[in-house]
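Close look at the chain arrangement
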Protein chains: 2
Amino acid sequence: MKLLEDKIREEGILLKGNVLKVDSFLNHQMDVELLDEMGKEFYQHFKDKKINKILTIESSGIGIAVMCAKYFGYPKVVFAKKGNSSNLTGDIYCCKEKSYTRNVEYNVQVSKRFLKEEDHVLIIDDFLANGEALNALIDICRQANATVEGCGIVITKSYQKGLKRIQDMGIEVFSLANIKKMENEIEFV
Amino acid sequence: MKLLEDKIREEGILLKGNVLKVDSFLNHQMDVELLDEMGKEFYQHFKDKKINKILTIESSGIGIAVMCAKYFGYPKVVFAKKGNSSNLTGDIYCCKEKSYTRNVEYNVQVSKRFLKEEDHVLIIDDFLANGEALNALIDICRQANATVEGCGIVITKSYQKGLKRIQDMGIEVFSLANIKKMENEIEFV
């Protein structure tokens, strides 16, 4: 997606430890007009799949997932929660995730009430690097016996292990921007 | 907003400790079509204000704020972060908040790059009870010398101290559902 690649080139900041900071438009301040275009792209790609639910993870995936839902005719959006919330009572699906940027381990949790065997799920997230978060979301779908129809990712670092890891499960990953190298500058696939 | 009151009556669950659980449509699973209607209502109410930024707090405010932004012509949406993220570097505005439902204290943080003196801010959040989160967001706007044009809240428990606390600061609060009493059943104002 050219619009997104241009935005990453203009506003993305490379930090130490192979971190790409895109907080001016994606995960702290949000450019909702761009999110809307992203939602449309995900719809164009996945529109022939039978999708009745969008699953994402707090917090950065929520804005994109919501904009995406509009194009798919408003399927329910579920966002997985990190950690333990006293407000998440009852039966939950749970999977551990190790955050790449924060270097801590979370519980990723989804209430069993909101993910069922009959669900055909599109998973949406902002980044795919080592694939920890995505792996947790897929694991949770499998616990629920739901069908994962595909993953829509805003930015994939395709030189890290996550992309291959998810594709090796037989799951389709569609990324709006694919980074193949990121040293002094960002190179897209 | 009748549509919302009906939804709360139908799907809201009263838990011990005066907690209203609305996770089937607002803060775990999201009914994006309803969120879209909420966004329109906030726009109808605040459309004559000069708003160039929407501020909310992760995670439950994000979906509503994003849907709201569409109606206001896509102002930037900023979501405040809770806790400490290694990805939030540089100068930040910070305020402590004590969560009502989780009974823990957070740092509420916004990067100084995304909130400026010239900003006219609409604050959006899902719940107003004791007003801790809203107070933190207002405090952060004041640190930035930004103008708070008003607060748009999905559900206000008007019998708790938050509403008066915010109004006493001279700030307008517009709520889509006002609960005046919540014992065996929910009574709206």
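What comes next concerns the included structure. Please read these numbers as outputs of a predicted model, since none were measured by experiment.

Here is what the cut-offs are and how they apply
Residues numbered from 1 in each chain as written. Chains lettered and ligands numbered in written order. Predicted model: local features only at pLDDT ≥ 70, side-chain atom pairs only at ≥ 80, totals over all residues. Heavy atoms only, no water. Salt bridge = Lys/Arg side-chain N within 4 Å of Asp/Glu carboxyl O. Helix = DSSP H or I, 4+ residues; strand = E, 2+ residues; numbered from the N terminus. Buried < 20%, exposed > 50% of the residue type's maximum accessible area, 1.4 Å probe, protein only. Contact = heavy atoms within 4.5 Å. Buried area = accessible area lost by both parts, 1.4 Å probe. Polar contact = N/O pair within 3.5 Å; in protein donor to acceptor, adjacent residues only side chain to side chain. Nonpolar A, V, L, I, M, F, W, Y, C, P; charged D, E, K, R; others polar. Pairing = 2+ DSSP bridges. Phe/Tyr/Trp six-rings, centres within 6.5 Å; stacked < 30°, edge-to-face > 60°. Arc of directions from axis to C-beta.

Brief notes about the pattern of salt bridges
All names here are of chain A. Summed over all chains, the structure comprises 22 salt bridges over all chains. Residues Glu 132 and Arg 165 are paired through a salt bridge, measuring 3.1 Å at the closest nitrogen-oxygen approach. With Glu 132 in helix H4 (residues 132-143) and Arg 165 in helix H5 (residues 162-167), this residue pair connects regions lying 33 residues apart in the sequence. The class for Glu 132 is partly exposed, based on a relative accessible area of 25%. Classification of Arg 165 as partly exposed rests on a relative accessible area of 25%. Shared partners join several salt bridges into a network, and the residues in it are Lys 7, Glu 11 and Asp 31.

Section: the interface of chain A and chain B
At the interface, 43 residues of chain A touch 43 residues of chain B. Of all residues in chain A, the largest losses of buried area upon contact with chain B belong to A:His28, A:Gln29 and A:Tyr74, amounting jointly to 18% of the total for that side. Between B:Arg113 and A:Asp23 there is a salt bridge; the shortest N-O distance is 2.5 Å. Applying the counting rule to chain A against chain B returns 17 residue pairs in polar contact (both at pLDDT 80 or more). Taken together, the elements giving at least two residues each to the side of chain A that touches chain B come down to strand E1 (13-15), strand E2 (19-21), strand E3 (29-30), helix H2 (32-46), helix H3 (60-71), strand E5 (76-82) and strand E7 (105-111) of chain A. Element by element, the count of residues in the side of chain A that touches chain B is highest for H3(A), at seven residues. Within the side of chain A that touches chain B, the residues separate by chemical class into 17 nonpolar, 14 polar and twelve charged. Both E5(A) and strand E3 (residues 29-30) of chain B contribute to a ladder of two bridges, which runs antiparallel. Across the sheet, residue A:Val78 finds its bridge partner in E3(B), namely B:Gln29.

Looking at the packing of aromatic side chains
In total, this model carries six aromatic pairs over all chains according to the counting rule given. Arranged with centres 6.1 Å apart and planes meeting at 80°, the rings of A:Phe42 and A:Phe174 form a pair that is edge-to-face. Taken together, the residues A:Phe42 in helix H2 and A:Phe174 in strand E10 (residues 173-182) connect sequence positions 132 residues apart. Ring geometry for B:Phe46 versus B:Phe174: centroids 6.1 Å apart, planes at 85°, classification edge-to-face. Note that B:Phe46 is positioned in helix H2 (residues 32-46) and B:Phe174 in strand E10 (residues 173-182), a separation of 128 residues in sequence. Exposure class is identical for B:Phe46 and B:Phe174. Each is buried.

Some points on helix H1 (residues 2-11) of chain B
All names here are of chain B. Residues Leu 4, Glu 5, Lys 7 and Ile 8 constitute the buried set of H1. Seen end-on, H1 carries its buried residues on one side only, within an arc spanning 160°. Turned more than 90 degrees away from the buried face of H1, the exposed residues are Lys 2 and Glu 10. Buried residues along H1 sit in contact with strand E2 (19-21), H2, strand E9 (147-157), E10 and strand E11 (186-188).

Distances and angles like these do not, on their own, reveal function.
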